[in-house]
Amino acid sequence: MPPLRFTPESALAVLERLRPEADCLAAAVAALARHRPATIRGDQAIPREYFRALLRFRRAAARLAAAGVEVRDPRAAVLAFPAGGRVVLCCLASARPPSFWSEREP
């Protein structure tokens, strides 16, 4: 299947539909940082919360990828929407509308 090409209008529509996924991704990244052990030894137990957050991250990233959206920075919720010869970047954070929108060559 060829990659999706977004117009600014279609990117905004997808952005609103996928905002919960991006929020889930950012929350999972924060949880991974909170639950990650400072050092890992072979006999050390890793908290279940870490693996739960990892699973949430993978599921949200997969749903975003399935929609044709690229995750550029999961902590800041920066998503890329391929747009022909350009890439449209959006930062979601908690802003409505997006806190920034820029276009650049891929």
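Reading the values: the criteria
- Residues numbered from 1 in each chain as written.
- Predicted model: local features only at pLDDT ≥ 70, side-chain atom pairs only at ≥ 80, totals over all residues.
- Heavy atoms only, no water.
- Helix = DSSP H or I, 4+ residues; strand = E, 2+ residues; numbered from the N terminus.
- Buried < 20%, exposed > 50% of the residue type's maximum accessible area, 1.4 Å probe, protein only.
- Contact = heavy atoms within 4.5 Å.
- Areas by Shrake-Rupley, 256 points an atom, 1.4 Å probe, with all protein chains shown as cover.
- Core = buried A, V, L, I, M, F, W, Y, C linked by side-chain atoms within 4.5 Å.
- Salt bridge = Lys/Arg side-chain N within 4 Å of Asp/Glu carboxyl O.
- pLDDT = per-residue confidence, 0-100.
- Phe/Tyr/Trp six-rings, centres within 6.5 Å; stacked < 30°, edge-to-face > 60°.

### Overview of the overall build of the chain
Logical step 1: Along the chain, the regular secondary structure elements total two helices and four strands.
Logical step 2: Seen in sequence order, the chain has helices and strands lined up from the N terminus as α-α-β-β-β-β.
Logical step 3: Looking at the 106 residues of the chain, the share that counts as buried comes to 33%.
Logical step 4: Expressed as a percentage of contacts within the chain between residues at least 6 apart in sequence, the contacts between residues at least 24 apart total 44%.
Logical step 5: When the accessible area of the chain is evaluated, it comes to approximately 6,700 Å², of which 58% is carbon and sulfur surface.

### Focus on the nonpolar core
Logical step 1: One finds Phe6, Val14, Leu18, Leu64, Val69, Leu79 and Phe81 to be the most contacted residues of the largest nonpolar core, which totals 13 residues.
Logical step 2: Within the residue set of this core, elements represented by two or more residues are α1 (8-35), α2 (48-66) and β2 (78-83).
Logical step 3: Tallying contributions element by element places α1 first for this core, with six residues.
Logical step 4: Once residues lying within four places of it in the same chain are set aside, the contact partners of Phe6 are Ala11, Val14, Ala67, Gly68, Val69, Phe81, Pro82 and Ala83.

### What about the pattern of salt bridges?
Opposite charge on two side chains allows them to pair when their charged atoms are near.
Logical step 1: Following the criterion strictly, the structure yields three salt bridges and no others.
Logical step 2: Put simply, Glu16 and Arg19 hold a salt bridge, and the shortest N to O gap is 2.9 Å. One end of the pair is Glu16 and the other is Arg19, both in helix α1 and three residues apart, which spans about a single turn.
Logical step 3: In this structure Glu16 comes out as partly exposed when scored by relative accessible area, which is 40%.
Logical step 4: On the basis of relative accessible area, Arg19 is assigned to the buried category, the value being 3%.
Logical step 5: The partner of Arg63 in a salt bridge is Glu21, with the nearest N and O atoms 2.6 Å apart. Here Arg63 is found in helix α2, whereas its partner Glu21 is found in helix α1, with 42 residues between them in sequence.
Logical step 6: On the basis of relative accessibility, which here comes to 17%, the residue Glu21 falls in the buried class.

### Things to note about the confidence of the model for the chain
Logical step 1: For the chain, the mean per-residue pLDDT works out to 78, and 75% of the residues sit at or above 70.
Logical step 2: Put simply, strand β4 (residues 100-104) is where the chain has its lowest mean pLDDT, 56, and α2 is where it has its highest, 94.

### Regarding the packing of aromatic side chains
Logical step 1: Inspection of the entire model under this criterion finds one aromatic pair.
Logical step 2: Ring geometry for Tyr50 and Phe51: centres 5.7 Å apart, planes at 85°, overall edge-to-face.

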